[in-house]
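Chain by chain, the residues:
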Amino acid sequence: MHFYKLIITFFCVIAQLHLSLYANAQGKMKSNLYEIQYINIENNSIVSVVKQLIEQHRTKNILFRNGYGYITIDNIDFRSYNILKGDFKDLITNNDTLISFNINLSSYYINGNKDADCFNCDYYPPFYTYIDNTLVLIYDNTFKWIFTSNGSGFSSKSKKKLTAKIKKVLKETLNDNFLFYDPFKDKKYTLNKKDREFLTKDKIISMGAFTFQSGQSVNILRNGDIKISDY
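Residues numbered from 1 in each chain as written. Predicted model: local features only at pLDDT ≥ 70, side-chain atom pairs only at ≥ 80, totals over all residues. Heavy atoms only, no water.

Turning our eyes to something else, we now look at the environment of L63. For L63, the location among the structural elements is in helix 3 (residues 62-65). With a relative accessible area of 22%, L63 lands in the partly exposed category. Residues L63 and E172 lie 109 residues apart in sequence; the distance between their C-alpha atoms is 8.5 Å. Among residues more than four places away in sequence, those in contact with L63 are Y68, E172, F178, T211 and F212. (Helix = DSSP H or I, 4+ residues; strand = E, 2+ residues; numbered from the N terminus. Buried < 20%, exposed > 50% of the residue type's maximum accessible area, 1.4 Å probe, protein only. Contact = heavy atoms within 4.5 Å.)

Below, the structure is given as structure tokens:
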């Protein structure tokens, strides 16, 4: 029962944040902009999974261990079984998934740049937090239905604040020996001082978007078990 209380608590937190954001929008009808918010994740199962994966990445990846990059959580899906009626309930077992989400090690530079060659540069999340001193961005699919384009519905002030936090953990790209990765040519490369003279710092940081290629799919079951698979 304790596990289900944690699940319900996390769901309620998300629901309350939605209501809060809606209230903010109602109070600012002229601007109709949301504030990207810092939150605490109270669900111990989710925090435990994130901590476990952070530790795994720190063990395997020296860049991440030294503070480069951050974590993203997206595609969060809650399964509500109490609305099922009739014979459907008979199909529910303790092995069914209660919550699922994806977690990724990320390095794309979210700074509002809308250029096509700037990968995910305008893909702002509605929430963020810190777990084990690691920045964690939390995406909510609800916002994809609300806003017509990435980043369009968030206030400039909150976007600027989050960009500063992201920039802080991506500064390693400014070192001459940083190893970039080009997924289209499938090769790694460095930028010498001459190359860097013709590029802005923001451009150089954004070029590190594909440094990491690591993602996991997480399923938390009704019985409390957690299944993690790479993708």
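Past the structure itself, the notes keep going.
What follows concerns the nonpolar core. Residues V50, Y70, F101, I110, L137, I166 and L170 are the most contacted members of the largest nonpolar core, which totals 48 residues. Elements that contribute at least two residues to this core include exactly helix 2 (44-60), strand 2 (70-78), strand 3 (97-106), strand 4 (127-131), strand 5 (134-138), helix 5 (156-168), helix 7 (201-206) and strand 8 (214-221). In terms of residues, this core owes the most to one element, helix 2, which gives six residues. Filtering out sequence-adjacent residues up to four positions away, V50 remains in contact with I73, I103, I131 and V136. (Core = buried A, V, L, I, M, F, W, Y, C linked by side-chain atoms within 4.5 Å.)

Moving on, we get to unusual backbone geometry. You will see that D132, though not glycine, has its phi angle at about 55 degrees, which is positive. Within the fold, D132 resides in the loop between strand 4 and strand 5. Note on D132: relative accessible area 32%, which makes it partly exposed. At N133, a position not held by glycine, the phi torsion is positive, near 60 degrees.

With that settled, the discussion passes to the packing of aromatic side chains. Within the structure shown, the criterion is met by 13 aromatic pairs. Considering the side-chain rings of Y123 and Y139, the 4.3 Å spacing of their centres and the 20 degrees angle between planes classify their relative orientation as stacked. A residue pair is termed long-range when its members are at least 10 positions apart, and Y123 in the loop between strand 3 and strand 4 and Y139 in the loop between strand 5 and helix 4 (142-146) qualify at 16 residues. Taken as a pair, Y123 and Y139 share a single burial class, namely buried. Between F178 and F180, the aromatic rings sit 4.8 Å apart at their centres with planes inclined by 70 degrees, giving edge-to-face as the arrangement. The buried category is assigned to F180, whose relative accessible area is 0%. Here the aromatic cluster, defined as three or more aromatic residues joined through ring pairs, consists of Y68, F178, F180, Y189 and F212. (Phe/Tyr/Trp six-rings, centres within 6.5 Å; stacked < 30°, edge-to-face > 60°.)

With that settled, the discussion passes to the pairing of strand 9 (residues 226-230). Relative to strand 9, strand 8 runs antiparallel, the two sharing five bridges. Among the inter-strand pairings, V218 is bridged to a residue of strand 9, identified as I228. Between the end of strand 8 and the start of strand 9, which pair antiparallel, lie four residues, with G224 showing a positive phi angle near 95 degrees. (Pairing = 2+ DSSP bridges.)

On to the state of the cysteines, then. Inspection of the entire model under this criterion finds one disulfide. The disulfide partner of C118 is C121, and the gap between their sulfur atoms is 1.8 Å. Looking down the S-S bond of the C118 and C121 bridge, the torsion is -65 degrees, so its handedness is left-handed. (Disulfide = S-S within 2.5 Å.)

With 13 residues, helix 5 should reach 18 Å at 1.5 Å per residue; the first-to-last C-alpha distance of 18 Å fits that figure. Those residues of helix 5 not exposed but buried are S158, K159, L162, T163 and I166. Projected down its long axis, helix 5 carries its buried residues within an arc of 135 degrees, all on one side. For helix 5, the exposed residues lying more than 90 degrees away from the buried face are S156, K157, K160, K161 and K168. (Expected span 1.5 Å × (residues − 1). Arc of directions from axis to C-beta.)

The end-to-end C-alpha separation of helix 2 is 24 Å, in line with the 24 Å expected for 17 residues at 1.5 Å each. Of all the positions in helix 2, only S45, I46, V47, V49, V50, L53, I54 and H57 are classed as buried. Where helix 2 begins, the capping side chain belongs to N43, and its oxygen is found 2.9 Å from the backbone nitrogen of S45. (Polar contact = N/O pair within 3.5 Å; in protein donor to acceptor, adjacent residues only side chain to side chain.)

Turning our eyes to something else, we now look at the side chain of T211. Its place among the elements puts T211 in the loop between helix 7 and strand 8. Classification of T211 by relative accessible area gives buried; the value is 16%. Excluding residues that lie within four positions of it along the chain, T211 makes contacts with L63, Y68, S107 and F178.

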